[in-house]
Structures are given as structure tokens and as C-alpha cells.
Amino acid sequence: GAGYAGLQQVVDLAPDIIKLDMSLTRKIDTDPVRYALGGAMVDFARHIGSVVLAEGIETEGERAALCKLGVSLGQGYLLGRPMPI
């Protein structure tokens, strides 16, 4: 969500997992703003007892940056292509 309503939902739901959208994951290794926001989300998640899952990981640089930030879960073509269920 965006703005206050989205933040209020996070407070009310107390999620176990917070998912970083691929729009934040992409180029997180080269964009200082995305990197800072990712770090803030990881810090926030730790404070509320959640973990962060990053989606859309496509490069080794993105994976390395996310690992450095402390993101513990990930999805994306780098980690494995979608498969039929």
C-alpha cells in the first residue's frame, strides 16, 4: 500500500514476512536510495519480529546487496526459474 493506510495495515497485521517489491529490488546494488530503503525495511522487520523477502532478484549484484543488508529470503530468476506446479 501507499501512505498512511499501507503503514497502518502493517501495524495491524503484524506480518511474519515483509515482501520487498521487485521495483525496490531491481538495481538495489547500484542505487543508493533503493539500498537505503531496503536497509530501513530490514531494520523495521527486525524490530517487529518479521523477516524480509525480496522478489525479482535477477543479478548476482542484487543478491549480494540484499544479503549484505540482511535480507534472508528471496525470489527471482537468479535463484530459480518458475516451474509448473
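Look up: the structure comes first, before these words.
All of these numbers come straight from a predicted model, not from anything done at the bench.

Asks: Could you give an account of the pattern of salt bridges, naming the residues involved and the relevant values?
Replies: Tallied over the entire structure, the rule returns four salt bridges. The residue Arg26 makes a salt bridge to Glu58 at a minimum N-O spacing of 2.7 Å. Within this pair, whereas Arg26 is found in the loop between helix H2 (22-25) and helix H3 (32-48), its partner Glu58 is found in the loop between strand E2 (51-54) and helix H4 (60-69), the two being separated by 32 residues in sequence. A salt bridge links Asp31 to Arg34; its shortest N-O distance comes to 2.6 Å.

Asks: Account for the packing of H3 against H4, with residues named and values stated.
Replies: Relative to each other, H3 and H4 sit at 40°, their axes nearing to 9 Å. With respect to their mutual orientation, H3 and H4 come out oblique. Once H3 is placed against H4, the crossing between them reads as right-handed. Across the interface between the two elements, Tyr35, Gly38, Gly39, Val42 and Arg46 from H3 touch Ala65, Lys68 and Leu69 from H4. Of the residues that constitute the contact of H3 with H4, the class distribution is four nonpolar, two polar and two charged.

Parameters and conventions
Residues numbered from 1 in each chain as written. Predicted model: local features only at pLDDT ≥ 70, side-chain atom pairs only at ≥ 80, totals over all residues. Heavy atoms only, no water. Salt bridge = Lys/Arg side-chain N within 4 Å of Asp/Glu carboxyl O. Helix = DSSP H or I, 4+ residues; strand = E, 2+ residues; numbered from the N terminus. Axes fitted to C-alpha atoms, helices over the stretch in contact; angles between N-to-C directions. Parallel < 35°, antiparallel > 145°, perpendicular 65-115°, else oblique. Left-handed = near helix turned anticlockwise from the far one by under 90°. Contact = heavy atoms within 4.5 Å. Nonpolar A, V, L, I, M, F, W, Y, C, P; charged D, E, K, R; others polar.

Any functional reading would require information that these geometric values do not contain.
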